[in-house]
Amino acid sequence: MLQEIHDEKSWEKFPLMRSEGLFLQSFSQKRLYEGLGQKTWLFRFRDMASLVTKIQAKRGTFLFLPYGPILSNPIDHRDQLSEFFDDLKTLAKKENASFIRISPFWNETPEHRSLLKLLGFRTAPMHMLAETIWILPLKSSEEEIFAGMDKKHRNLIRRAQKEGVVIQSSSDRESLKRFLHLHSATVERHKFTPYPKSYFEFQREFFSPKNELLIFEAWWQEKLLASAMIMFYGSTAAYHHGASSSEPELRKIPASYLLQWEIVLEALKRGLDAYNFWGI
């Protein structure tokens, strides 16, 4: 039977049990979803747990488990997963949800695909979270990581430095305001559906007091070229949102390469184990 957890201290041990930094399963993420008006639960079921949020969209009402459920080895917990989702189906019916959607932080293997099919899941027509990610291990030194980069990327970082690009980081309201302005230009340029403005505002409100969020900015001659919202949770840093200038002349400057390198340096400074570049 699902056991609902209400206090932060009791919950946080579950997303932090995984080394990948599952901030989308954190207590702060629960507060974010609730700020957006979404009904959200934190459930424990024997050796596993998951944040579950109710989403009401044009395609229907459904329960969503972002990066959930959390468990050590899915294949070894097949029966437990089956019982967990049976209980979740009961909740879905009670909440008038048409389906349950998951984006588990599992490696894509034939075994995991077979398990999901056995549990009754099928591939969604479109993704909600990044499907393919690139994780950079941070076990090496700064010099070794830099040397391990593609030569072209090292040269672009040096070029940005030579041209006078300056990287700053903050989590104050003004940096968020600048990010949102740049992000709107990025949305217009690439024609994708963005998170609502309130999502970013709640993310800053709930994660930054714990030093789990920083907004990195690349400046050149008092002009903002690029900005990124980076999550620092558990032993991993994650590139969650990014934006860049649409001005043709500014886009010629390789500011984003230096921005990423400074994020890596901050992760190393914090003693983290990995940097998640998010979707690629």
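Novice: Would you mind showing me how to read the packing of helix H6 (residues 151-162) against helix H10 (residues 255-269) here?
Specialist: Two numbers describe a pair of packed helices, the interaxial angle and the distance between the axes. Viewed as axis vectors pointing N to C, H6 and H10 meet at an angle of 100°, and their least axial separation amounts to 8 Å. Viewed along their axes, H6 and H10 adopt a mutual orientation that is roughly perpendicular. Only Tyr 257, Leu 258 and Trp 261 of H10 make contact with H6, whose side of the interface consists of His 153, Leu 156, Ile 157, Ala 160 and Gln 161. Each residue belonging to the contact of H6 with H10 can be placed in one class, and the counts come to six nonpolar, two polar and no charged.

Novice: Where do I start with the pattern of salt bridges in this structure?
Specialist: Side chains carrying opposite charge are able to pair once their charged atoms draw close together. This model, assessed by the stated rule, comprises 15 salt bridges. One salt bridge in this structure joins Asp 273 and Lys 139, with 3.3 Å as the shortest N-O distance. Taken together, the positions of Asp 273 in the loop between H10 and strand S11 (274-279) and Lys 139 in the loop between strand S6 (133-137) and helix H5 (142-147) put the pair 134 residues apart, joining distant regions of the chain. Judged by relative accessible area, Asp 273 falls into the partly exposed class, the value being 32%. Put simply, Glu 217 and Arg 178 hold a salt bridge, and the shortest N to O gap is 2.8 Å. Linking Glu 217 in strand S8 (residues 213-220) with Arg 178 in helix H7 (residues 173-190), this pair joins segments that are 39 residues apart in sequence. With relative accessibility at 2%, the residue Glu 217 sits in the buried group. Taken together, the shared-partner salt bridges connect Lys 39, Lys 54 and Glu 95 into one network.

Novice: I would appreciate a short explanation of the pairing of strand S4 (residues 60-66) in the present structure.
Specialist: Residues in a regular strand project their side chains so that they alternate between the two faces of the sheet. Of all the seven residues making up S4, seven are buried; the element is thus mostly covered by neighbouring parts of the structure. Residues Gly 60, Phe 62, Phe 64 and Pro 66 point to one face of S4 and Thr 61, Leu 63 and Leu 65 to the other, with burial holding for every one of them. As paired strands, strand S3 (residues 48-57) and S4 are joined by five bridges and run antiparallel to one another. Among the inter-strand pairings, Ile 55 is bridged to a residue of S4, identified as Phe 62. Remark: two residues form the turn of the hairpin made by S3 and S4, two consecutive strands paired antiparallel. Strand direction decides the pairing type here: S4 and strand S5 (residues 99-103), joined by five bridges, are parallel. Bridge pairing links Leu 65 to Ile 102 in S5. The handedness of the S4 to S5 crossover, carried by helix H3 (residues 78-94), is right-handed.

About the thresholds
Residues numbered from 1 in each chain as written. Predicted model: local features only at pLDDT ≥ 70, side-chain atom pairs only at ≥ 80, totals over all residues. Heavy atoms only, no water. Axes fitted to C-alpha atoms, helices over the stretch in contact; angles between N-to-C directions. Helix = DSSP H or I, 4+ residues; strand = E, 2+ residues; numbered from the N terminus. Parallel < 35°, antiparallel > 145°, perpendicular 65-115°, else oblique. Contact = heavy atoms within 4.5 Å. Nonpolar A, V, L, I, M, F, W, Y, C, P; charged D, E, K, R; others polar. Salt bridge = Lys/Arg side-chain N within 4 Å of Asp/Glu carboxyl O. Buried < 20%, exposed > 50% of the residue type's maximum accessible area, 1.4 Å probe, protein only. Pairing = 2+ DSSP bridges. Right-handed = clockwise from strand over helix to strand, strands pointing away.

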